[in-house]
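For reference, the chains in residue letters:
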Amino acid sequence: MPSSCKEIRQALVECLLESECVRLNRITPKECLQPENAHLISECQAIRRSLFECKRSQLDMRTRFRGNKF
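Throughout this description, residue numbers start from 1 for each chain and increase along the sequence as written. With the structure being a predicted model, the display of local features is reserved for residues of pLDDT at least 70 and the display and counting of side-chain atom pairs for 80 or more, all residues being used for whole-chain, interface and lining totals. Excluded from the side-chain calculation are hydrogens and water; included are all heavy atoms of the structure.

Trainee: Mind laying out the pattern of salt bridges, listing which residues take part and the relevant values?
Mentor: Just to be clear on terms, a salt bridge is a Lys or Arg side-chain nitrogen sitting within 4 Å of an Asp or Glu carboxyl oxygen. One pass over the structure, following the stated rule, counts two salt bridges. A salt bridge links Glu53 to Arg49, with the shortest nitrogen-to-oxygen separation between them at 3.0 Å. Note that Glu53 and Arg49 are positioned in helix α4 (residues 42-59) at a spacing of four residues, about one turn of the helix. For Arg56, the salt bridge goes to Glu53, with nearest N and O atoms at 3.3 Å. You can see Arg56 and its partner Glu53 sitting in helix α4, three residues apart, about one turn around the helix. Each helix corresponds to a stretch of at least 4 residues labelled H or I by DSSP, and each strand to a stretch of at least 2 residues labelled E; elements are numbered beginning at the N terminus.

Trainee: So what's going on with α4? Which residues, and what values?
Mentor: A helix is expected to span 1.5 Å multiplied by its residue count minus one. Between the first and last C-alpha of α4 there are 26 Å, a value that for 18 residues agrees with the 26 Å anticipated at 1.5 Å per step. By the burial criterion, the buried members of α4 are Cys44, Ile47, Leu51, Cys54 and Ser57. One side of α4 holds all its buried residues, which, seen down the axis, span an arc of 145°. Facing away from the buried side of α4, by more than 90 degrees, are the exposed residues Ser42 and Leu59. The buried label goes to any residue with under 20% of its type's maximum accessible area, the exposed label to any with over 50%, and the partly exposed label to all in between, with areas taken from a 1.4 Å probe on protein chains only. This arc is built from the directions going out from the helix axis to the C-beta atoms.

Dropping the structure here:
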């Protein structure tokens, strides 16, 4: 995984560990990402979307030639 996606992934992990879902409800970060647990704050959702876009750009052939947007 390119370094740009690693940084975004690390930011998502940190956000999840600081969220109420993990701290107060004692749910694992993986379970907090599931659709039935809608306890994520908007900041974590935005980071999650950024990670998705980063991973998707790795598969897009146009982006592979042009480079990451991030």
